[in-house]
Amino acid sequence: GDIVLLAKPVTLTEGDRVTLTTDVPVATDGTSKPEKLLYAVSLPPVHGQIEHINYPGVPISSYRQLDVEAQKVSHIHDNSHGAGKKSLR
């Protein structure tokens, strides 16, 4: 079936951390088990990294919808490519 992904842009300033919730993003694939959906980070953030809260400082390349629902995935903004506000998409 089709997969639907709804996402809202998040604006961060250097040093900020945002925890991904079902507001940002939420997905469904039409099955009865959306918690099994797997997100693959195909293009990592230029300004920081996505990480699991249980492993701070370690970038991840995938996570599950269940991790998002449990608020265990976050994006950390750093100054690796210039300061200022940036958007995570």
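All of these numbers come straight from a predicted model, not from anything done at the bench.

Undergrad: What exactly am I supposed to notice about the overall build of the protein here?
TA: A tally of helices and strands in the protein yields 1 helix and 9 strands. Traced from its N-terminal end to its C-terminal end, the protein shows the element sequence β-β-β-β-β-β-β-α-β-β. The 89 residues of the protein split such that 29% are buried. Only carbon and sulfur atoms are counted for the fraction: they give 53% of the accessible area of the protein, which is about 5800 Å².

Undergrad: Which parts of the structure should I look at to understand the environment of Ile-76?
TA: For Ile-76, the location among the structural elements is in strand S8 (residues 73-76). On the basis of relative accessibility, which here comes to 17%, the residue Ile-76 falls in the buried class. Separated by 19 residues in sequence, Ile-76 and Gly-57 place their C-alpha atoms 9.0 Å apart. Ile-76 has contacts with Asp-16, Arg-17, His-47, Gly-48, Gln-49 and Glu-51, leaving out every residue within four places of it along the chain.

Undergrad: Teacher, can you tell me more about the confidence of the model for the protein here?
TA: Atom-level detail of predicted coordinates should not be read off regions where pLDDT is low. Mean pLDDT over the protein: 76, with 66% of residues reaching 70 or higher. Contacts from residues 83-87, a stretch scored under 50 in pLDDT, to residues over four places away or in other chains number 15 contacts.

Undergrad: Sorry if this is basic, but what is going on with the sheet that holds S8 here?
TA: Through backbone hydrogen bonds, the strands of a sheet pair up, either in parallel or in antiparallel fashion. Strand order in the open sheet formed by 3 strands is S3-S8-S6, with antiparallel pairing between adjacent strands. Here the strands that pair on one side only, and so sit at the sheet edges, are strand S3 (17-19) and strand S6 (49-52). Neighbour to neighbour, the strand axes of the sheet diverge by 25° on average, direction disregarded. Across 3 bridges, S3 lies against S8 in antiparallel orientation. By the bridge assignment, Val-18 is partnered in S8 with His-75.

Undergrad: What is the right way to look at the side chain of Asp-67 in this model?
TA: Along the chain, Asp-67 turns up in helix H1 (residues 65-69). Here Asp-67 is in contact with His-52, Lys-72 and Val-73, once residues within four sequence places are set aside.

Undergrad: Can you help me understand the pattern of salt bridges in this one?
TA: Two side chains that carry opposite charge are able to pair once their charged atoms sit near each other. Summed over all chains, the structure comprises 1 salt bridge. With a closest N to O distance of 3.5 Å, Arg-17 and Glu-51 form a salt bridge. Taken together, the residues span a long stretch of sequence, with Arg-17 in strand S3 and Glu-51 in strand S6 at a distance of 34 residues.

Thresholds, definitions, all that
Residues numbered from 1 in each chain as written. Predicted model: local features only at pLDDT ≥ 70, side-chain atom pairs only at ≥ 80, totals over all residues. Heavy atoms only, no water. Helix = DSSP H or I, 4+ residues; strand = E, 2+ residues; numbered from the N terminus. Buried < 20%, exposed > 50% of the residue type's maximum accessible area, 1.4 Å probe, protein only. Areas by Shrake-Rupley, 256 points an atom, 1.4 Å probe, with all protein chains shown as cover. Contact = heavy atoms within 4.5 Å. pLDDT = per-residue confidence, 0-100. Pairing = 2+ DSSP bridges. Axes fitted to C-alpha atoms, helices over the stretch in contact; angles between N-to-C directions. Salt bridge = Lys/Arg side-chain N within 4 Å of Asp/Glu carboxyl O.

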